[in-house]
Amino acid sequence: MALAMIDVDLERGEARLEAAEAKILALEEELNVVGNNKKSLEISEQEAAQRQELYEEQIRKLTSQLNDAENRVVDAETMADKLQKEVSRLEEDLSVEKDKYRLVSVDVEAAFAELNGY
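Anyway, here's the lowdown on the structure attached to this text. Predicted, not measured: the structure shown is a model, and the values here were computed from it.

Rules used throughout
Residues numbered from 1 in each chain as written. Predicted model: local features only at pLDDT ≥ 70, side-chain atom pairs only at ≥ 80, totals over all residues. Heavy atoms only, no water. Helix = DSSP H or I, 4+ residues; strand = E, 2+ residues; numbered from the N terminus. Rg over C-alpha atoms; globule rule 2.2 N^0.38 Å. Buried < 20%, exposed > 50% of the residue type's maximum accessible area, 1.4 Å probe, protein only. Areas by Shrake-Rupley, 256 points an atom, 1.4 Å probe, with all protein chains shown as cover. Lys, Arg positive; Asp, Glu negative; His and termini not counted. Charge placed at Lys NZ, Arg CZ, Asp CG, Glu CD. Patch = residues over 30% accessible without salt bridge, like charges linked within 9 Å, V, L, I, M, F, W, Y side chains within 5 Å. Salt bridge = Lys/Arg side-chain N within 4 Å of Asp/Glu carboxyl O.

Here we look at the overall build of the protein
Helices and strands together make up the secondary structure of the protein, namely 1 helix and 0 strands. The globule rule puts the C-alpha radius of gyration for 118 residues at 13 Å, and the 50 Å found for the protein is more than 25% above it. Oriented by its inertia axes, the alpha-carbon framework of the protein measures out at about 170 × 15 × 15 Å. Taken across its 118 residues, the protein has 1% of its residues classed as buried. Carbon and sulfur atoms form 59% of the exposed surface of the protein, whose accessible area is close to 11100 Å². Positive and negative side-chain charges in the protein, numbering 15 and 29 respectively, have mean positions lying 3 Å apart.

What follows is the structure, given as structure tokens:
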């Protein structure tokens, strides 16, 4: 009887051992999968960090270009205002000179008419 009980205990022990070994294999495989996932995530993180650095550099460059463009717009608007004022001044000068020319023309015509009248 004692031998039978030991035999039953042995069978139970072997069954528990097999179950434990199966569980160990399953856990080792799960650990392997988790390890691979971790490596994949680390690689993805590194790639994402590199992309972020590139994007931040692009943003800095584009911001600089935008600032330069805005400065050029301000300069161009200032120059356009100056040129418009110069055009207006020149048009006014032209108008004054045309008026002077008309007066001189009238005086010259009157002088010719006076000379032709004698």
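What about the environment of Gly117?
Within the fold, Gly117 resides in helix α1 (residues 2–117). Taking C-alpha positions, Gly117 is 45 Å from Glu86, a pair spaced 31 residues apart along the chain.

Thoughts on a negative patch on the surface
Among the surface-exposed residues, Asp7, Glu11, Glu14, Glu18 and Glu21 lie close enough to one another that they form a single negatively charged patch. Positionally, Glu11 belongs in helix α1.

Considering a nonpolar patch on the surface
On the surface, a cluster of nonpolar side chains totalling about 390 Å² of accessible area is made up of Val104, Val108, Phe112 and Leu115. Examined against the element boundaries, Phe112 turns out to sit in helix α1. Relative accessible area serves as the criterion here: at 51%, Phe112 is assigned to the exposed category.

Here we look at the pattern of salt bridges
Within this structure, the stated rule accounts for 7 salt bridges. When the shortest N-O distance is used, the salt bridge between Glu42 and Lys38 registers 3.8 Å. One end of the pair is Glu42 and the other is Lys38, both in helix α1 and 4 residues apart, which spans about a single turn. Arg102 serves as the salt-bridge partner of Asp99, at 2.7 Å between the closest nitrogen and oxygen. Note that Asp99 and Arg102 are positioned in helix α1 at a spacing of 3 residues, about one turn of the helix. Each of Glu86, Arg89 and Asp93 takes part in a single network of salt bridges with overlapping partners.

Describing the environment of Val108
Tracing the sequence through the fold places Val108 in helix α1. Sequence separation between Val108 and Glu29 is 79 residues; the distance between their C-alpha atoms is 114 Å.

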